[in-house]
Amino acid sequence: MADPTDLDGLLRRWADEQRLDVRETEAVLHAILPPAPAAAPAAASASLPATWWSDLSTQVSAAIVLATVRPATVASS
Amino acid sequence: MTVSADDRAAFTELFEQHREGVHAFLLARISDREVARDLLQETFLRVWHRIEEVTELDLGRQRAWIYTVARNLLVDRYRTDATRRATLHAVAHGSDRAGREQADGSGQLVARDQLAHLRRAIAALPDDQREILSMAVVAEMTSQQIAEALELPAGTVRYKLHRARARLAAELEDT
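Worth saying up front: this structure is predicted, and the values here are computed from it rather than measured. (Residues numbered from 1 in each chain as written. Chains lettered and ligands numbered in written order. Predicted model: local features only at pLDDT ≥ 70, side-chain atom pairs only at ≥ 80, totals over all residues. Heavy atoms only, no water.)

Asker: What is the right way to look at the overall build of chain A in this model?
Answerer: Helices and strands together make up the secondary structure of chain A, namely five helices and zero strands. Counted from the first residue to the last, chain A has its helices and strands arranged as α-α-α-α-α. Here chain A holds 77 residues, and the buried ones make up 19% of them. Here chain A displays about 5700 Å² of accessible surface, and carbon together with sulfur accounts for 64% of that area. (Helix = DSSP H or I, 4+ residues; strand = E, 2+ residues; numbered from the N terminus. Buried < 20%, exposed > 50% of the residue type's maximum accessible area, 1.4 Å probe, protein only. Areas by Shrake-Rupley, 256 points an atom, 1.4 Å probe, with all protein chains shown as cover.)

Given below as structure tokens:
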């Protein structure tokens, strides 16, 4: 049984009744300021692996080496 | 109106900072949850329309500005005696949320009766005491914050809060 002189406890219960809940608060906020549309994710970042830059650098380096090193058989002929 | 991300962020921060206090202030005067929510929305809509101006004010003046808007909206809404009578009736009989309470034991029944008694006692407080009590208890505002909002000395706020609590305590002890 609640103590009739527990004014603070009763006031806390009364306060809980009074407050807006999260859903009501969001409804008020969104009525004034509709949520901003979410930014579209970049297509490239969605499809490429995280190591794409390192992989590309390695492949480019290898291609440059292949193109600049003349095979010995060709040089001697 | 072009909505910049900065304005949106500034408004959201203001809304979070002041919504509970403004709502408590409105409920103390109008008490009907639906009406108080509508007025809360209208208050912050006006804040949004003046967001650049409001954000240039310091916190104390921002608070005073926002509560002045809310007070003016209340005055508009509060002109008829019928509205006021409905308000006090709603305070005395609790909100719709309170009406959903389920009492399934004698202890809860007693507690519910005490809460109903408290609501009636709060409804019977003078308007200014009920307003300050609501802002202090529901929105958990300090005396200084309430003083800024209502443009009163902080000592006056503390005195009225003390008087309100003393009156409620006396009412509850009489039961």
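Asker: How should the confidence of the model for chain B be read in this particular structure?
Answerer: Detailed reading of predicted coordinates is not advised where the pLDDT is low. Residue and element names in this part refer to chain B. Per-residue confidence for chain B averages 86 on the pLDDT scale, and 82% of its residues sit at or above 70. Low pLDDT (under 50) marks residues 99–103, which in the prediction has nine contacts with non-local residues, meaning those over four places away or in another chain. Listed scores for the predicted complex are pTM 0.72 and ipTM 0.80. (pLDDT = per-residue confidence, 0-100. Contact = heavy atoms within 4.5 Å.)

Asker: I keep staring at the packing of aromatic side chains and nothing clicks. Help me out?
Answerer: Any two aromatic rings considered together are summarised by their centre-to-centre distance and by the angle between their planes. All names here are of chain B. With the rule as written, the count across this model stands at five aromatic pairs over all chains. A ring pair is formed by F15 and F44, whose centres lie 5.1 Å apart and whose planes are at 75°; its orientation type is edge-to-face. In this pair, F15 is assigned in helix 1 (residues 5–30) and F44 in helix 2 (residues 33–49), connecting sequence segments 29 residues apart. Like F44, F15 is buried. Here a set of aromatic residues connected by ring pairs shows up, and it is made of F11, F15, F44 and W48. (Phe/Tyr/Trp six-rings, centres within 6.5 Å; stacked < 30°, edge-to-face > 60°.)

Asker: I would appreciate a short explanation of the interface of chain A and chain B in the present structure.
Answerer: Reports of interface size often rely on the accessible area that becomes lost once the parts have come together. Residue-level contacts link 28 residues of chain A with 38 residues of chain B. The junction of chain A with chain B conceals about 3200 Å² of combined surface from both sides, 66% of it contributed by carbon and sulfur atoms. Put simply, chain A and chain B have five salt bridges between them. Its salt-bridge partner being R119 of chain B, residue E17 of chain A comes within 2.6 Å of it at the nearest N-O pair. For the pair chain A and chain B, the interface holds nine residue pairs in polar contact (both at pLDDT 80 or more). (Buried area = accessible area lost by both parts, 1.4 Å probe. Salt bridge = Lys/Arg side-chain N within 4 Å of Asp/Glu carboxyl O. Polar contact = N/O pair within 3.5 Å; in protein donor to acceptor, adjacent residues only side chain to side chain.)

Asker: I keep staring at the packing of helix 1 of chain B against helix 2 of chain B and nothing clicks. Help me out?
Answerer: When two helices pack together, their arrangement is captured by the angle between the axes and the distance separating the axes. All names here are of chain B. Relative to each other, helix 1 and helix 2 sit at 145°, their axes nearing to 9 Å. The two elements helix 1 and helix 2 meet at a crossing, and its hand is right-handed. Together, D7, R8, F11, L14, F15, H18, R19, V22, H23, L26, L27 and I30 of helix 1 and R33, V35, A36, L39, L40, T43, F44, V47 and W48 of helix 2 make up the contact between the two elements. Its residues assigned to classes, the contact of helix 1 with helix 2 comprises 14 nonpolar, three polar and four charged. (Axes fitted to C-alpha atoms, helices over the stretch in contact; angles between N-to-C directions. Left-handed = near helix turned anticlockwise from the far one by under 90°. Nonpolar A, V, L, I, M, F, W, Y, C, P; charged D, E, K, R; others polar.)

Asker: Sorry if this is basic, but what is going on with a nonpolar patch on the surface here?
Answerer: Together, L56, V60 and I64 of chain A give the surface a local cluster of nonpolar side chains, amounting to about 240 Å² of exposed area. Counting through the fold element by element, L56 of chain A comes out in helix 4 (residues 52–68). (Patch = residues over 30% accessible without salt bridge, like charges linked within 9 Å, V, L, I, M, F, W, Y side chains within 5 Å.)

Asker: Help me understand the nonpolar core, please; the structure alone is not making it clear to me.
Answerer: In globular proteins that are soluble, nonpolar side chains generally tend to be buried together. F11, L118 and L133 of chain B are the most contacted members of the largest nonpolar core, which totals 58 residues. Among the elements that make up this core, the one with the highest residue count is helix 1 of chain B (nine residues). Each residue touching F11 of chain B, except ones within four places of it in the same chain, is listed here: L29, I32 and L33 of chain A together with F44, V47, W48 and I51 of chain B. (Core = buried A, V, L, I, M, F, W, Y, C linked by side-chain atoms within 4.5 Å.)

Asker: Help me understand the packing of helix 8 (residues 127–137) of chain B against helix 10 (residues 154–173) of chain B, please; the structure alone is not making it clear to me.
Answerer: Residue and element names in this part refer to chain B. Packing of helix 8 against helix 10 leaves a shortest axis separation of 9 Å and a crossing angle of 95°. One element, helix 8, and the other, helix 10, form an angle in the roughly perpendicular class. Contact with helix 8, carried on its side by D128, Q129, I132, L133 and A136, involves V157, K160, L161, R163, A164, R165 and L168 of helix 10 and no other residues of that element. For the contact of helix 8 with helix 10, the class distribution of residues is seven nonpolar, one polar and four charged. (Parallel < 35°, antiparallel > 145°, perpendicular 65-115°, else oblique.)

Asker: Which parts of the structure should I look at to understand empty space enclosed by the protein?
Answerer: Unoccupied space between atoms shows up once a probe the size of one water molecule is rolled over them. In total, this model carries one cavity of 30 Å³ or more according to the counting rule given. Its volume calculated, the largest cavity comes out at about 60 Å³. Around the largest cavity, the lining residues are R19 and L20 of chain A together with R19, E20, H23, L40, V138 and A139 of chain B. Broken down by element, the residue count for the lining of the largest cavity peaks at three residues, all from helix 1 of chain B. Looking at the lining of the largest cavity residue by residue, the classes come out as four nonpolar, one polar and three charged. (1 Å grid on protein atoms, 1.4 Å probe; cavity = no way out; pocket = protein on both sides within 12 Å on 5 of 7 lines; lining within 4 Å. Points joined across faces, edges and corners; volume = space filled by probe spheres on them.)

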